[in-house]
Amino acid sequence: MAGKRKAKRVVEDLSKPSKWRLQHGGFSEPVRAADPETGTPVAHRRAVDALGMMLANGTITPQMHEAGCIFRTLFRSAALDSIATTQFVRVGGATADIMSTRQVDARRRVARAMDALGGHGSPAGSAIWFVVGLEMSIREWSARQGWCGRAVPQPIASGMLVAGLGILAMHFGLTAGSQAA
């Protein structure tokens, strides 16, 4: 009697990113190192973000990349991203969230940077807020953002981001002839 054939089981290579993960962006080359706890050799792969890809392509300068990293760090410290967290320490009878002095300072610095970019409604300000701060892809932001009822073409959106990063580099004092804020 003929029995049912078993389907061949496809074994996924766990040393490489999955097909699903690769469709959402690339990875840098693996960096080989030893695991600090066990000493076994491991390969670290780093997801490449928009700023990293632009730096690797030569679209932006290292100073622009550094300015973007500073803005992203301030944005996260200011807790302006859409990630909601639970307070571990709850004060009885409190009605408002208490912000730390670090968050307040980071929010002030982000506000000054956004003013230097022309505000949230300016092309450079919007590009920096969404692509660098909220870590949205340039393609996603350009499809979402529009002026005069039309979507922004991706090459123009990339140019807006480059212009914003140049302004941020000047604002943070990373380029010659600029003052730190």
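The sections below set out a description of the structure shown in this document. (Residues numbered from 1 in each chain as written. Predicted model: local features only at pLDDT ≥ 70, side-chain atom pairs only at ≥ 80, totals over all residues. Heavy atoms only, no water.)

## Here's the deal with helix α2 (residues 50-57)
1) Next: Listed in full, the buried residues belonging to α2 are Leu51, Gly52 and Met54. With its buried residues spanning 165 degrees around the axis, α2 presents them on a single face. Set apart from the buried face of α2 by more than 90 degrees, the exposed residues are Ala56 and Asn57.
2) Next: Where α2 is buried, its residues meet α3 (62-77), α5 (123-133), α6 (138-144) and α7 (154-171).
3) Next: Just downstream of α2 lies Gly58, where phi reads positive at about 85 degrees. (Buried < 20%, exposed > 50% of the residue type's maximum accessible area, 1.4 Å probe, protein only. Helix = DSSP H or I, 4+ residues; strand = E, 2+ residues; numbered from the N terminus. Arc of directions from axis to C-beta. Contact = heavy atoms within 4.5 Å.)

## Points about the packing of α2 against α3
Packed helices, taken two at a time, are described by their axes: the angle between them and the distance between them.
1) Next: Close contact between α2 and α3 brings their axes to 10 Å; oriented N to C, the two are set at 175 degrees. Looking at the two axes, α2 sits roughly antiparallel to α3. Contacts from Leu51, Gly52 and Leu55 in α2 reach Pro62, His65, Gly68, Cys69 and Arg72 in α3.
2) Next: Across the contact of α2 with α3, the residue classes tally to 4 nonpolar, 3 polar and 1 charged. (Axes fitted to C-alpha atoms, helices over the stretch in contact; angles between N-to-C directions. Parallel < 35°, antiparallel > 145°, perpendicular 65-115°, else oblique. Nonpolar A, V, L, I, M, F, W, Y, C, P; charged D, E, K, R; others polar.)

## Examining the nonpolar core
1) Next: Ranked by size, the top nonpolar core spans 33 residues in total, and within it Phe71, Ile128, Trp141, Leu161, Leu165 and Leu168 carry the most contacts.
2) Next: The set of elements that each furnish at least two residues to this core consists of α2, α3, α4 (101-117), α5, α6 and α7. (Core = buried A, V, L, I, M, F, W, Y, C linked by side-chain atoms within 4.5 Å.)

## What to know about the packing of aromatic side chains
1) Next: Counted according to the given criterion, the structure contains 2 aromatic pairs.
2) Next: A ring pair is formed by Phe75 and Trp129, whose centres lie 4.7 Å apart and whose planes are at 80 degrees; its orientation type is edge-to-face. One end of the pair, Phe75, is in helix α3; the other, Trp129, is in helix α5, and 54 residues separate them in sequence.
3) Next: You can call Phe75 buried: its relative accessible area is 0%.
4) Next: Under the relative-accessibility criterion, Trp129 is labelled buried at 17%.
5) Next: Through a chain of ring-to-ring contacts, three or more aromatic side chains come together here, namely Phe71, Phe75 and Trp129. (Phe/Tyr/Trp six-rings, centres within 6.5 Å; stacked < 30°, edge-to-face > 60°.)

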